[in-house]
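Chain residues, written in single-letter form:
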Amino acid sequence: MVRKMKGTKVLIALFAFIATTGIAAAQESEINNSLSEIESFVATTLGQIGVIVFLVGAAAWFVSRKHADRAQWGWRGMWGGAGMIVLSVSYNVFVTLFENLAPGMITPWIAF
């Protein structure tokens, strides 16, 4: 009778472990999907705002004529927008690099 209870306890513990592992995997998948959506949103928004700032800055710089203050702000806006566009593209490259690099290259180095 004691052995039967012991085997039942082991079976219940094994089932509980398998169930929690499945739940953890599902939660990890949801977290990964959410992070991917956030990364995509950030990169897209940064690029779109960069294009808008670049165009507004270029327009202000080109129509400023003799107004040094407008020309200065237009020039800064134009280069700021260009920087945001470059940052958006490099952000995508950076995130993609580490998404592809992490599973294959970093894990074996940590294991040794």
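### So, the UniProt feature "transmembrane region" (unreviewed entry) in the chain
- Look at the UniProt record and you will see "transmembrane region" (unreviewed entry) annotated at residues 42–63 and 75–98.
- End-to-end, the C-alpha atoms of residues 42–63 are 32 Å apart, and along that stretch the chain is 100% helix and 0% strand.
- Across residues 75–98, the secondary structure splits into 100% helix and 0% strand, with the terminal C-alpha atoms separated by 34 Å.

### Comments concerning the packing of aromatic side chains
- Applying the stated criterion across every chain yields a total of three aromatic pairs.
- Ring centres of tryptophan 61 and tryptophan 75 lie 4.8 Å apart, and the angle between their planes is 55 degrees; this geometry places the pair in the tilted category. With a gap of 14 residues between them, tryptophan 61 in helix α1 (residues 2–63) and tryptophan 75 in helix α2 (residues 68–111) connect regions that are remote in the sequence.
- Classification of tryptophan 61 by relative accessible area gives partly exposed; the value is 31%.
- A relative accessible area of 37% places tryptophan 75 in the partly exposed class.
- Among the aromatic residues, those joined into a ring-pair cluster are Trp61, Phe62, Trp75 and Trp79.

### Some thoughts on the side chain of serine 64
- If you trace the backbone, serine 64 turns up in the loop between α1 and α2.
- For serine 64, the side chain forms a polar contact with the main-chain oxygen of tryptophan 61, separated by 3.0 Å.
- When residues no more than four places from it in sequence are discounted, the contact partners of serine 64 are Arg70 and Ala71.

### Structural notes on the side chain of serine 88
- Within the element layout of this structure, serine 88 appears in helix α2.
- Residue class for serine 88 comes out buried when judged on its relative accessible area of 7%.
- When sequence neighbours within four positions are dropped, the list of residues in contact with serine 88 reads Ala43, Leu46 and Gly47.

### Brief notes about a nonpolar patch on the surface
- Together, Ile31, Leu35, Ile38, Phe41 and Val42 make up an exposed nonpolar region whose accessible area comes to about 480 Å².
- Tracing the chain through its elements places isoleucine 31 in helix α1.

### As for the environment of threonine 44
- Of note, threonine 44 is situated in helix α1.
- Looking at threonine 44, the relative accessible area reads 39%, which means it is partly exposed.

Criteria and thresholds
Residues numbered from 1 in each chain as written. Predicted model: local features only at pLDDT ≥ 70, side-chain atom pairs only at ≥ 80, totals over all residues. Heavy atoms only, no water. UniProt positions renumbered as here; feature names shortened; annotations may be inferred. Helix = DSSP H or I, 4+ residues; strand = E, 2+ residues; numbered from the N terminus. Phe/Tyr/Trp six-rings, centres within 6.5 Å; stacked < 30°, edge-to-face > 60°. Buried < 20%, exposed > 50% of the residue type's maximum accessible area, 1.4 Å probe, protein only. Polar contact = N/O pair within 3.5 Å; in protein donor to acceptor, adjacent residues only side chain to side chain. Contact = heavy atoms within 4.5 Å. Patch = residues over 30% accessible without salt bridge, like charges linked within 9 Å, V, L, I, M, F, W, Y side chains within 5 Å. Areas by Shrake-Rupley, 256 points an atom, 1.4 Å probe, with all protein chains shown as cover. Salt bridge = Lys/Arg side-chain N within 4 Å of Asp/Glu carboxyl O.

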